[in-house]
Amino acid sequence: MIASSTVPANFQPAPGVLSGKTILVTGAGDGIGRAAAQAYAAHGATVILVGRTVAKLEAVYDAIEAAGHPQPAIFPLDLSGTDENAYRELALAVAEHFDHLDGLLHNASVLGERRPLESATWQAWQNVMQVNVNATFLLTRHLLPLLQQAPSASVVFTSSGVGRRGKAYWGAYAVSKFATEGMMQVLAAELENTSQVRVNSLNPGATNTGMRRAAYPAEAPTTNPDPADIMPAYLYLMSDHSAAVHGQAFDAQH
Ligand SMILES: NC(=O)c1ccc[n+]([C@@H]2O[C@H](COP(=O)([O-])OP(=O)(O)OC[C@H]3O[C@@H](n4cnc5c(N)ncnc54)[C@H](OP(=O)(O)O)[C@@H]3O)[C@@H](O)[C@H]2O)c1
């Protein structure tokens, strides 16, 4: 069991708390990633929208622009791709437009199969590990130099309750989230005292998104908060309020 903490109860994000920051969000076209991209932009950040469905990214782009927030950027990328060059090229393309990166939210994930390991399929296992773990590693690996150019940068790895305590039938997804926690801890230890880059993990908790509805088809969608309701933790970890917070596992919900 991995111990976790929540954001300070008195944290109130000021309207311009992310002004001047550039933040990349993966899976920015839907669910929690879309809400995070919009919340970051609403609080002053220039947001780099990364995802696989361009039409969804464009809809988020349009909403941010229509609201009068800083103009975002779109970089399509399918994280199921195993060619390292695609990740290297994404980082190079970002570097052509931005001289540093203040934030990286690893949000995109797939649920995969909900069944016993005994009958799990190799193909589904590989895809979950690719999107949830390998792509996260590759993006971190290639974006780290840009993050190190920032005066104070934040990397947030998205976890899950089943990535902190194993649970039957959550298969590759749960294992991938334990790996995500491990990646966060290893990177945090490596960057301790040597870098202005802080690294933490965040478990959103049960949230009303397509993934949650797929995992719990019998559950009423209104049972859980909407993505917009859990944004304080996402804003806290990207803001300078968390500048000294490093190597910790957070929960977005109490
Ligand atoms: N919702 C919950 O209750 C809950 C609980 C615990 C943890 N989480 C975690 O929170 C994060 C967000 O989940 P969510 O509920 O918002 O899920 P979601 O609604 O399914 O959204 C997932 C996002 O990831 C993107 N994505 C999936 N596969 C991709 C790929 N191969 N390449 C690029 N992008 C890809 C999706 O893009 P498309 O829309 O284009 O497919 C979508 O934007 C995930 O890491 C999840 O594990 C969620």
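Residues numbered from 1 in each chain as written. Predicted model: local features only at pLDDT ≥ 70, side-chain atom pairs only at ≥ 80, totals over all residues. Heavy atoms only, no water.

Undergrad: Quick question: what am I supposed to make of the overall build of the protein chain here?
TA: Broken down by element type, the protein chain carries seven helices and eight strands. For 254 residues, the compact-globule estimate of 2.2 N^0.38 gives 18 Å, and the protein chain sits close to it at 17 Å. Each principal axis of the C-alpha distribution contributes one length, and for the protein chain these read about 50 × 40 × 40 Å. Among the 254 residues that make up the protein chain, the fraction classed as buried is 52%. Here the analysis covers contacts within the protein chain between residues at least 6 apart in sequence; of these, 74% occur between residues at least 24 apart. As displayed, the protein chain has an accessible area near 11,500 Å², and 52% of this comes from carbon and sulfur atoms. Charged side chains of the protein chain number 15 positive and 21 negative; the gap between the two group centres comes to 8 Å. (Helix = DSSP H or I, 4+ residues; strand = E, 2+ residues; numbered from the N terminus. Rg over C-alpha atoms; globule rule 2.2 N^0.38 Å. Buried < 20%, exposed > 50% of the residue type's maximum accessible area, 1.4 Å probe, protein only. Contact = heavy atoms within 4.5 Å. Areas by Shrake-Rupley, 256 points an atom, 1.4 Å probe, with all protein chains shown as cover. Lys, Arg positive; Asp, Glu negative; His and termini not counted. Charge placed at Lys NZ, Arg CZ, Asp CG, Glu CD.)

Undergrad: Explanation requested: the packing of helix H1 (residues 31-42) against helix H2 (residues 54-66) in the structure shown.
TA: Orientation of H1 relative to H2, taken along the N-to-C sense of each, is 25 degrees, at an axis distance of 10 Å. Relative to H2, the element H1 is oriented roughly parallel. Between H1 and H2 lies a crossing whose hand is right-handed. On H2, the residues that touch Arg34, Ala37, Gln38 and Ala41 of H1 are Val60, Ala63 and Ile64. (Axes fitted to C-alpha atoms, helices over the stretch in contact; angles between N-to-C directions. Parallel < 35°, antiparallel > 145°, perpendicular 65-115°, else oblique. Left-handed = near helix turned anticlockwise from the far one by under 90°.)

Undergrad: What is the right way to read the site of the ligand from this model?
TA: Contacts to the ligand come from 31 residues, most closely from Thr53, Lys56, Asn107, Tyr173 and Thr209. Interatomic distance of 2.9 Å between a side-chain N/O atom of Asp78 and a nitrogen atom of the ligand. Contacts to the ligand include Lys177, whose side-chain N or O atom sits 2.9 Å from an oxygen atom. The protein chains hide 92% of the 900 Å² of surface that the ligand would expose on its own. Sorting the residues of the shell around the ligand by element identifies H1, helix H5 (171-191) and helix H6 (210-215) as the ones contributing at least two each. Residues belonging to the shell around the ligand are distributed by class as follows: ten nonpolar, 15 polar and six charged. (Near = heavy atom within 4 Å. Polar contact = N/O pair within 3.5 Å; in protein donor to acceptor, adjacent residues only side chain to side chain. Nonpolar A, V, L, I, M, F, W, Y, C, P; charged D, E, K, R; others polar.)

Undergrad: I would appreciate a short explanation of the packing of aromatic side chains in the present structure.
TA: This structure, assessed with the given rule, holds four aromatic pairs. With centroids separated by 5.8 Å and ring planes inclined at 45 degrees, the aromatic side chains of Trp170 and Tyr173 adopt a geometry described as tilted. Look at Trp170 and you get buried, because its relative accessible area is 8%. Among the residues examined, Tyr173 registers a relative accessible area of 8% and is labelled buried. Seen in terms of ring centroids, Trp170 and Tyr216 are 6.0 Å apart; in terms of plane orientation they differ by 45 degrees. Their pairing is tilted. Of the two residues, Trp170 is situated in the loop between strand E6 (153-158) and H5 and Tyr216 in the loop between H6 and helix H7 (231-238); the sequence distance between them amounts to 46 residues. Tyr216 sits in the partly exposed class, given a relative accessible area of 27%. Among the aromatic residues, those joined into a ring-pair cluster are Phe11, Tyr236 and Phe250. Sitting over the face of the ring of Trp170, Arg114 holds its NZ or CZ atom 4.0 Å from the ring centroid. We note Arg114 situated over the ring of Tyr216; from NZ or CZ to the ring centre the distance is 5.9 Å. (Phe/Tyr/Trp six-rings, centres within 6.5 Å; stacked < 30°, edge-to-face > 60°. Lys NZ or Arg CZ within 6 Å of the ring centre and 35° of its normal.)

Undergrad: I keep staring at H1 and nothing clicks. Help me out?
TA: Each turn of an α-helix holds 3.6 residues, which means side chains three or four residues apart point in the same direction. Taking 1.5 Å per residue as the helical rise, H1 with its twelve residues ought to reach 16 Å, and the 17 Å between its terminal C-alpha atoms agrees with that figure. Taken together, the buried positions of H1 are Gly31, Ile32, Gly33, Ala35, Ala36, Ala37, Ala39, Tyr40 and Ala41. In this structure, the buried residues of H1 make contact with strand E2 (22-26), strand E3 (46-51), H2, strand E5 (103-106) and H7. Once H1 finishes, Gly44 follows within two positions and takes phi at roughly 105 degrees, a positive value. (Expected span 1.5 Å × (residues − 1).)

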